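Breakdown of the fold
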Amino acid sequence: MTMARSSRRSSHWAIPYLSLVLLLFLVSPAFSVKHHDFKRCDQSGFCKRNRALADSFIEKGTSDGSPYQLDAASIKFKNGLLHGSVVKTLRTGDTIKLPLTIAFLETGNARVTIDEERRQKGDIELRHGSVARKERYNEAGAWALTGAGLQSQKTAQLKKGSDGTSEVSWGHNSRFEAIIRHAPFGIDFYTDGERQVVLNGRGFLNIEHWRPKVDKPKEEENATEQQTPTEPIEDESTWWEESFGGNTDTKPKGPESVALDITFPGYSHVYGLAEHAGPLSLRETRGGEGNYDQPYRMYNSDIFEYELDSPMTLYGSIPFMQAHKKGSSVGVFWLNAAETWVDITKARHGTNPLSLGLGGGVVDTSTHWMSESGLLDVFVILGNSPKDLSKSYGELTGYTQLPPTFGIAYHQCRWNYVSDQDVKDVDRKFDKYNIPYDVIWLDIEYTDDKQYFTWDPLNFPDPISMEQQLDESERKLVVIIDPHIKNKAGYTVGEELQNKGFAVKNKENNIFEGWCWPGSSHWIDAFNPAARAWWKSLFSFDRFKGTLQNVWLWNDMNEPSVFNGPEITMPRDNIHHGNWEHRDVHNINGMTFHNATYHALIERKKGDPRRPFVLTRSFYAGSQRSAAMWTGDNQASWDHLAASIPMILNQGVSGFPFGGADVGGFFGNPSKELQARWYQAGAFYPFFRGHAHIDTRRREPYLLGEPYTSIVTQALRLRYALLPAWYTAFHEASTDGYPILQSQYYVHPDDEKGYAIDDQFYLGSTGLLIKPVVTEGAESVDIYLSDDEDYFDYFDYTIYPGGSRTHTVQAPLEKVPILMQGGHIIPRKDRPRKSSGLMKWDPYTLVIVLDKKGEATGTLYADDGETFDYQHGAYVHRQFTFSNNKLTSSNIGAKGPKTSAYLKTIKDVQVEKIIIVNAPSEWANDKLVSVSAVGSSSADTELIYHGPAGGKAGWALVRRPGVGIGVDWSLSFLQTSSKKSDL
Ligand code: NOJ
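Residues numbered from 1 in each chain as written. Predicted model: local features only at pLDDT ≥ 70, side-chain atom pairs only at ≥ 80, totals over all residues. Heavy atoms only, no water.

Quick look at the UniProt feature "domain: Glycosyl hydrolase family 31 C-terminal" (unreviewed entry) in the chain
- Look at the UniProt record and you will see "domain: Glycosyl hydrolase family 31 C-terminal" (unreviewed entry) annotated at residues 737-826.
- Between the C-alpha atoms that bound residues 737-826 there is a distance of 21 Å. The span itself is 4% helix and 38% strand. (UniProt positions renumbered as here; feature names shortened; annotations may be inferred. Helix = DSSP H or I, 4+ residues; strand = E, 2+ residues; numbered from the N terminus.)

Below you can see the structure in the form of structure tokens.
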């Protein structure tokens with residue numbers, strides 16, 4: 001047990017021991033993950049078995065011999081749904097029936113589901129007197145899917161193909177086609193005649209059927225060794241029970257894994273599979289130089305001191321993958337909530353075997369998905385572009401929530417602010433130093449003895465006055481509430497949990513007890529609707545005393561983290577609501593909990609709900625609908641700062657873009673330079689929060705000293721000024737599923753040079769291209785520009801021509817490198833304030849970055865930033881267009897019942913400044929801009945022009961054009977000569 005680990009598990013130590021620990025902590029900052037706490041594939045029975053099966057087929061080089069056949073006579077096809085029976089033939093000649101459904105969806109996607117008849121009918125025997133459900137887990141969709149995008153296309157056509165195949169065509173002009181091979185069973189998906197996705201092309205399909213346990217005489221137990229090496233080896237050693245790290249999993253349902261190979265022919269890069277600390281373009285996993293030797297693992301875990309560039313599992317799982325090549329993007333969504341491993345290999349063929357997609361050779365990417373239990377349920381998404389995939393996947397699992405404005409402003413956290421006085425003091429200090437922030441956070445120590453929904457009476461005697469002080473500056477408080485509930489007589493919440501039967505049960509079907517922060521604890525089973533209703537009741541203002549409306553929530557440790565459990569989580573044979581085993585639902589567990597919190601918060605203010613803010617550590621596909629996430633316990637090191645960027649980019653690809661990393665690093669003490677650079681990077685995380693471990697030194701920005709405090713303040717002010725652009729990007733994410741931070745391949749899908757770039761990114765569709773500095777002592781960065789447009793330095797308008805060029809951009813410590821792509825209009829609010837709430841009625845600045853044709857466009861989305869009224873039209877959505885020397889603002893929103901009332905509230909909010917970058921030199925002689933705004937008479941306003949100089953673009957400034965943000969208007973630049981002569 002390392003010092004840091006033990007310190008984390010208890011914060012109440014004897015002082016001398018703590019001092020010793022701190023000393024050691026300071027002199028030996030080397031952190032490393034405890035590999036022995038977490039399984040490798042060869043320590044996970046089903047992963048090992050499935051890899052062995054794959055190996056046997058890799059050796060053969062063909063899927064022939066795969067024991068799965070589609071019984072042609074069983075096929076029924078109606079309204080775009082194909083039903084049939086896949087038959088698995090055992091070596092004994094016995095057969096297993098596996099009901100198959102393929103839905104050909106109106107969206108052009110397809111869903112393939114395989115169940116097991118015997119388990120489906122409950123015709124199996126459970127071992128050890130287990131009360132577990134007998135079916136394969138079939139409720140993952142109920143949690144992850146929204147119900148949209150599931151409609152099958154009634155006009156889809158089935159025809160008998162040649163050589164034992166069935167062919168289905170569907171989609172607009174029948175552009176999609178599935179060739180279903182009967183023996184061995186497999187499917188090839190085509191778009192416009194081109195093969196895109198192949199299922200079971202390599203023969204790795206495996207559905208471990210139920211069988212009774214046969215107790216063999218001792219000498220036969222090692223039967224595996226006697227098999228001939230040409231036969232796939234059936235390793236039975238972990239079929240009936242499996243031990244790891246001193247814990248034994250009893251597996252009452254026997255082996256039940258599902259696995260499948262999915263190949264993307266011609267696709268050189270795959271992305272997604274959040275959450276891993278590795279590159280955006282996923283690595284191969286079967287060994288070899290530069291590759292991993294382990295599959296990407298998804299088994300939500302509290303991984304202590306996680307390592308970088310690793311396929312190890314982390315806190316959340318999103319089993320969605322995008323495959324990308326020039327001209328096309330496709331994807332798969334593997335809807336399974338159990339432990340899942342994914343192997344990735346690339347086969348190169350063609351003229352240049354080393355080209356890896358960069359011209360010449362062709363690369364096929366093959367993947368192998370393996371889950372411990374549940375249905376085989378996979379969506380194949382046939383898109384054209386990365387954006388199509390985001391949209392399709394978002395339609396299935398939901399788009400990101402539109403957060404309250406404060407949620408995307410700056411959050412100040414540490415473990416822990418020690419008292420309500422401490423919080424008030426920090427709040428005052430931020431003001432004293434003119435540093436903006438919106439939210440201050442309380443970690444677990446605010447509670448009375450780790451009993452959630454209570455306050456430590458000594459240190460937090462008066463939470464209400466603390467919240468009131470924050471509210472004076474429109475600031476908020478976030479408090480932590482975890483899913484482990486202290487097991488202590490007299491603690492009402494704990495007693496209610498037990499008495500009402502709302503806790504997770506152990507394998508004997510008694511309440512499960514384990515260890516977490518409070519010591520002995522029970523875990524709320526948020527799969528149970530009655531438990532969720534009870535959870536809601538706990539947040540009402542009269543139950544959670546000491547909370548006002550500006551208090552919001554942090555759900556941590558919801559993987560769930562169980563300190564004394566196998567792999568620091570719950571035993572897999574624990575029982576949840578509906579008698580599902582924990583193994584079946586593990587990866588969804590965290591989402592059920594943060595969803596419950598989200599809904600509880602909505603109901604806090606009856607009749608006038610506010611958009612809740614909930615931060616979660618654990619997540620699954622669908623979590624984006626109700627929470628933000630962060631990347632957990634990172635370290636105050638430069639490599640962790642660098643790693644945060646691909647991780648957050650990948651969150652966007654995986655449909656959950658509202659993410660961030662602990663700014664400054666959780667463990668350890670950052671140098672001032674690192675902290676400054678981290679704030680500059682963090683100012684471009686969708687979720688922007690400074691956080692630190694309890695053992696670290698205080699590091700609020702005002703403590704840094706100059707020039708660091710000013711540098712951090714500038715980074716914060718930059719974030720605040722750009723909040724209108726951020727909010728607009730969040731709106732796009734909430735309607736189209738697009739990432740908030742978009743990587744190079746995402747924005748320039750046809751530029752192969754950008755496919756592996758993951759250290760620079762665009763902010764939504766603003767054209768802002770950011771490359772944070774992530775190396776110590778660096779004074780410049782190299783930025784790659786893909787397209788032919790000119791780019792301009794955000795601060796001084798230096799011109800950087802695009803067109804597949806890499807530029808060195810100066811980045812002294814006070815500067816975060818940002819370029820603006822020509823052709824965009826970026827909305828800002830430039831007046832410095834204490835918090836985003838105080839900026840609500842501030843005027844806007846528009847930055848117009850003209851492209852080579854002298855044109856630009858941009859959008860702005862704005863609403864009240866806190867209620868759900870936007871769903872009834874209470875918002876503005878403007879399109880700004882600059883063309884032919886004319887800037888227009890036009891409405892692109894739809895009218896709703898609350899539109900006019902909202903527009904009234906913002907009638908005095910104006911554009912106060914327009915900056916035109918790359919302004920034409922003819923403007924040098926021009927002094928006036930004429931304004932014609934709807935509802936007001938035309939007027940002229942002054943234009944100040946600055947000519948180009950020293951590699952910097954010319955620019956112009958128009959102050960106070962007198963136009964409102966919520967109405968249509970146009971401004972004409974370049975006056976007619978007659979008008980000028982009037983001067
Ligand atoms: C673990 C979380 O990852 C960390 O952010 C938090 O400070 C501690 N739990 C204590 O609650």
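Now that the structure has been shown, we can carry on.
Points about the sheet that holds strand E37 (residues 790-793)
- On the basis of which strands lie adjacent, the open sheet formed by six strands has the order E33-E34-E35-E40-E37-E38 and antiparallel pairing. Across the chains shown, the open sheet's two edge strands, defined by having one partner strand only, are strand E33 (741-742) and strand E38 (799-801).
- The pairing of strand E35 (residues 768-770) with strand E40 (residues 818-821) spans three bridges and is classified as antiparallel. Each residue of the ladder has a partner; that of Ile770, found in E40, is Ile818. (Pairing = 2+ DSSP bridges.)

Section: the sheet that holds strand E23 (residues 439-442)
- With parallel pairing, the eight strands of this open sheet are ordered in space as E31-E30-E29-E28-E24-E23-E22-E32. Looking at the sheet topology across the chains shown, the edges are occupied by strand E31 (659-660) and strand E32 (688-690).
- Inspection of the sheet shows strand E30 (residues 628-630) paired to E31 by two bridges, in the parallel sense. Across the sheet, Met629 pairs through a bridge with Gly659, a residue of E31.

Description of the site of the ligand
- Close contacts around the ligand come from 14 residues, with Asp443, Asp556, Arg617, Asp633 and His691 the closest.
- Side-chain polar atom of Asp443 to an oxygen atom of the ligand: 2.5 Å apart, as the coordinates give it.
- Measuring from an oxygen atom of the ligand, one finds a side-chain N or O atom of Asp633 at 2.4 Å.
- Protein chains shield 100% of the accessible area of the ligand, which is 290 Å² for the free molecule. (Near = heavy atom within 4 Å. Polar contact = N/O pair within 3.5 Å; in protein donor to acceptor, adjacent residues only side chain to side chain. Areas by Shrake-Rupley, 256 points an atom, 1.4 Å probe, with all protein chains shown as cover.)

Things to note about the domain arrangement of the chain
- Under the domain assignment used here, the chain contains domain 1 (43-212 + 244-351 + 360-384), domain 2 (405-747) and domain 3 (752-973).
- Relative placement of domain 2 and domain 3: their C-alpha centres are 32 Å apart.
- Every contact between the two is made by 52 residues of domain 2 and, on the other side, 59 residues of domain 3.
- Counting each side, the surface lost to burial between domain 2 and domain 3 is near 4,500 Å², with a carbon and sulfur contribution of 63%.
- Considering only the surface of domain 2 that becomes buried against domain 3, Arg611, Arg677 and Gln744 emerge as the three largest contributors, covering 18% of it.
- Viewed at the interface, domain 3 and domain 2 are joined by four salt bridges.
- Across the salt bridge formed by Lys834 and Asp431, the nearest N and O atoms sit 3.5 Å from each other. (Domains from an automatic or database assignment. Contact = heavy atoms within 4.5 Å. Buried area = accessible area lost by both parts, 1.4 Å probe. Salt bridge = Lys/Arg side-chain N within 4 Å of Asp/Glu carboxyl O.)

Focus: the packing of helix H11 (residues 529-538) against helix H12 (residues 582-602)
- Axis separation between H11 and H12 bottoms out at 8 Å; the angle between their running directions is 50 degrees. Taken together, the axes of H11 and H12 lie oblique to each other. Relative to H12, the crossing made by H11 is right-handed. Here Arg532, Trp535 and Lys536 of H11 lie close against H12, whose contacting residues are Phe593, Ala596, Thr597, His599 and Ala600.
- Looking at the contact of H11 with H12 residue by residue, the class counts come to four nonpolar, two polar and two charged. (Axes fitted to C-alpha atoms, helices over the stretch in contact; angles between N-to-C directions. Parallel < 35°, antiparallel > 145°, perpendicular 65-115°, else oblique. Left-handed = near helix turned anticlockwise from the far one by under 90°. Nonpolar A, V, L, I, M, F, W, Y, C, P; charged D, E, K, R; others polar.)

Here we look at helix H8 (residues 420-432)
- For H8, which comprises 13 residues, the first-to-last C-alpha distance of 18 Å matches the rise-based estimate of 18 Å (1.5 Å per residue) to within 8%.
- Buried residues along H8 sit in contact with strand E22 (410-412), E23 and helix H9 (463-472).
- Taken from the residues just after H8, Asn434 is the one with a positive phi, measuring 55 degrees. (Expected span 1.5 Å × (residues − 1).)

Description of the side chain of Asp188
- Inspection of the secondary structure assignment puts Asp188 in strand E9 (residues 186-191).
- A polar atom in the side chain of Asp188 sits 2.8 Å from the side chain of Arg181.
- If we skip the residues at most four places from it in the chain, Asp188 touches Glu177, Ala178, Ile179, Arg181, Arg195, Val197 and Val198.

Describing the pairing of strand E19 (residues 340-349)
- Taken together, the three bridges between strand E16 (residues 296-298) and E19 define a ladder with antiparallel strand orientation. Of the residues in E19, the one forming a bridge with Met298 is Thr340.
- With 10 bridges joining them, E19 and strand E20 (residues 362-371) adopt antiparallel strand pairing. The partner of Trp341 across the bridge, within E20, is Met370.

Observations concerning the pattern of salt bridges
- Throughout the structure, instances matching the rule amount to 70 salt bridges.
- For Asp449, the salt bridge goes to Lys488, with nearest N and O atoms at 3.1 Å. Here Asp449, found in the loop between E23 and H9, pairs with Lys488, found in the loop between strand E25 (484-486) and helix H10 (492-499); they are 39 residues apart in sequence, far enough to count as distant.
- The partner of Arg833 in a salt bridge is Asp842, with the nearest N and O atoms 2.7 Å apart.

A closer look at the environment of Pro319
- On the secondary structure map, Pro319 appears in the loop between E16 and strand E17 (320-325).
- Residues Pro319 and Asp377 lie 58 residues apart in sequence; the distance between their C-alpha atoms is 11 Å.
- For Pro319, the contacting residues outside a window of four places in its chain are Leu273, Met298, Val332, Phe333, Trp334, Asn336, Trp369 and Tyr620.

Focus on the side chain of Arg119
- One can find Arg119 in helix H4 (residues 117-120).
- Of the residues examined, Arg119 reaches a relative accessible area of 0% and is grouped as buried.
- At 2.8 Å, the side chain of Arg119 forms a polar contact with the backbone oxygen of Pro255.
- The contacts of Arg119, once residues within four sequence positions are left out, are Ile124, Lys134, Glu135, Arg136, Glu208, His209, Trp210, Lys253, Pro255 and Glu256. (Buried < 20%, exposed > 50% of the residue type's maximum accessible area, 1.4 Å probe, protein only.)

Notes on the nonpolar core
- The biggest cluster of nonpolar side chains holds 146 residues, and the ones touching the most others in it are Leu442, Phe453, Trp535, Phe613, Phe684 and Met820.
- The residues contacting Phe453, other than those within four sequence positions of it, are Ile481, Tyr491, Val493, Trp535, Leu538, Phe539 and Phe544.
- Core analysis: the second largest hydrophobic core is formed by 49 residues, Ala156, Leu205, Leu282 and Val378 among them. (Core = buried A, V, L, I, M, F, W, Y, C linked by side-chain atoms within 4.5 Å.)

A few points about unusual backbone geometry
- In this model, Ala274 is joined to Glu275 through a cis peptide bond whose omega is 15 degrees.
- Mapped onto the elements of the fold, Glu275 is located in the loop between strand E15 (269-272) and E16.
- Here the bond from Glu706 into Pro707 is cis, since omega is 5 degrees, no more than 30 degrees from zero.
- Counting through the fold element by element, Pro707 comes out in the loop between E32 and helix H15 (708-721).
- Positioned with a positive phi, Leu273 is a non-glycine residue whose angle comes to about 55 degrees.

Some points on the packing of aromatic side chains
- Taken as a whole, this structure holds 58 aromatic pairs when the rule is applied.
- On the numbers, 5.4 Å between centres and 80 degrees between planes, the contact of Trp143 with Phe527 is edge-to-face. One end of the pair, Trp143, is in helix H5 (residues 140-144); the other, Phe527, is in the loop between strand E27 (519-523) and H11, and 384 residues separate them in sequence. For the pair formed by Trp143 and Phe527, the shared burial category is buried.
- Ring centres 4.1 Å apart and planes at 15 degrees place the aromatic pair Phe320 and Tyr393 in the stacked group. In this pair, Phe320 is assigned in strand E17 and Tyr393 in helix H7 (residues 386-397), connecting sequence segments 73 residues apart.
- Residue class for Tyr393 comes out buried when judged on its relative accessible area of 1%.
- These aromatic residues form a ring-pair network of at least three members: Tyr446, Phe453, Trp455, Phe460, Phe502, Trp534, Trp535, Phe539, Phe544 and Phe593.
- One Lys or Arg, Lys60, reaches over the ring of Phe57 and ends 4.3 Å from the middle of that ring.
- Over the face of the ring belonging to Trp726 we find Arg719, whose NZ or CZ atom lies 3.9 Å from the ring centre. (Phe/Tyr/Trp six-rings, centres within 6.5 Å; stacked < 30°, edge-to-face > 60°. Lys NZ or Arg CZ within 6 Å of the ring centre and 35° of its normal.)

Quick notes on the pairing of strand E21 (residues 376-382)
- The element E21 is extensively covered by neighbouring structure, given that seven of its seven residues are classed as buried.
- Alternating residues of E21 divide into Leu376, Val378, Val380 and Leu382 and Asp377, Phe379 and Ile381, and every residue in both groups is buried.
- Of the strand pairs in this sheet, strand E5 (residues 110-114) and E21 are connected by five bridges, and their pairing is antiparallel. Pairing of Ile114 across the sheet is with Leu376, part of E21.
- With five bridges connecting them, strand E18 (residues 328-334) and E21 associate as antiparallel partners. From the neighbouring strand, Val332 faces E21, where its bridge partner is Val380.

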